[in-house]
Amino acid sequence: MWSLQTLLSILCIALSCVSGAAPVIHVSGYEGRDVNVSCPYEARYQTDEKYFCRNDCGNSDVLIGTPQANKNKYSISDNKNKQVLTTTISDLSSVDAGKYWCGVTIFGLDHYPAEVRLDVVPDSCCDQFTEVHSHEEGSVSIPCPYDSKYQNNLKYICRGRQPSICLQQAVVTSNRKLNGKFTLTGDEESGKFTVNITSLTQMDSGWFLCGVERNNGLDVFSAVKLEVKVSPQTTSTAISIITTEPVTSQSTYISTNPVEDVTPINMVVYIVPAVLLIVILTFSVVIVYKCKAKGPDVSMNRNIPEMAEAEEMRGVDNIYENPEDVCGSKQQSACHTDDKAAEDQTSVYQSLSVTEDIYSVCQYNSEYRT
């Protein structure tokens, strides 16, 4: 009968044999992406059920088995012809990193054909990069160094900084060396390949990844940052315009934009008040001139009755003061009536009323004296 110590010893030996005999498979994946874990097994386990587990592979550590095709973020397939068990883990995150096992269910102790160690890395590259500068309509050569042990591996270059999709989006590869303005040339002796880009534009500026495909694990990358500047001719022309003809350049710019309507509006704002002011001043001058021209005549016409009345009053006063003179002059004028017959009858009639008044005064004085 087996003792407890003997059973524990056998169990420890069995476990050490499982962990020590199983090969270790290193697998790496990018965050947010999928990773495939392939475990080969012996032909005698073709018909047995398989599973994929984590850590110590207890009942709670089993993630998925062959009776199931999919479970949560895991899927499994068994290629019995090639004796390969493949498990896919989707939407990787940092918590997925760690140790896994590929297991086979058999009578007694299960068989573990492989240990899997999974690394999860960010889907970006790289901390170090090379800067390359050129000008529009020019060309540039991007150097892509690699380790000599990858001399016969596939080389490629892609836009951006996302390694997980770089090979799928490669613009050129060592198998397809020419693609439009991109050309890939290899130089095995110097341990680098070169990508030439012609007819550069501003759209070519940005990040590029040089990639080398590896059979196991993630591909090897190096990052390049390309900056395409404005051509020197264009820059010098712009500076010449700004320096020598700033006013012309500014007026040309305004004439090509909707802002050009501001100039006529400004002219109207200044011209209309000026015209109105001129019209008002002209009208005022004309009125003043007309008033000055008519002023003396009007005042003279208005003063004529006043002067006549004053003369008449002075005449009356003279009559009262010197009635003899008035009477004498009246008699004298009456005596010489015949001599003045040729004069205008109109003036005679006009002065008739005044003469009659004088005659009355003379008669009054003569009576008063007597």
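Everything discussed here concerns the structure shown above.
Described below are features of the structure shown in this document. Every value quoted in this text rests on a predicted model; they were computed, and no experiment measured them.

1. Some words on the state of the cysteines
Here's step 1: The final tally for this structure, using the stated rule, is five disulfides.
Here's step 2: Between the sulfur of C125 and that of C126 lies a disulfide, 1.3 Å long from S to S. Comparing C125 with C126, the two get one shared label, buried.
Here's step 3: Disulfide pairing places C144 opposite C210 at an S-S distance of 1.9 Å. Handedness here is read from the sign of the S-S torsion; for C144 and C210, about -40°, the answer is left-handed. Pair noted here: C144 is in strand β11 (residues 140–145) and C210 is in strand β17 (residues 206–212), with a separation of 66 residues, a long-range link. With respect to burial, C144 and C210 carry one shared label: buried.

2. Remarks on the sheet that holds strand β7 (residues 84–89)
Here's step 1: Pairing is antiparallel across the open sheet formed by four strands, whose spatial order is β2-β7-β6-β5. With partners counted over all chains shown, the strands left at the sheet margins are β2 (35–40) and β5 (70–71), one partner each.
Here's step 2: Both β2 and β7 contribute to a ladder of six bridges, which runs antiparallel. Pairing of V35 across the sheet is with I89, part of β7.

Conventions we followed
- Residues numbered from 1 in each chain as written.
- Predicted model: local features only at pLDDT ≥ 70, side-chain atom pairs only at ≥ 80, totals over all residues.
- Heavy atoms only, no water.
- Disulfide = S-S within 2.5 Å.
- Buried < 20%, exposed > 50% of the residue type's maximum accessible area, 1.4 Å probe, protein only.
- Helix = DSSP H or I, 4+ residues; strand = E, 2+ residues; numbered from the N terminus.
- Pairing = 2+ DSSP bridges.

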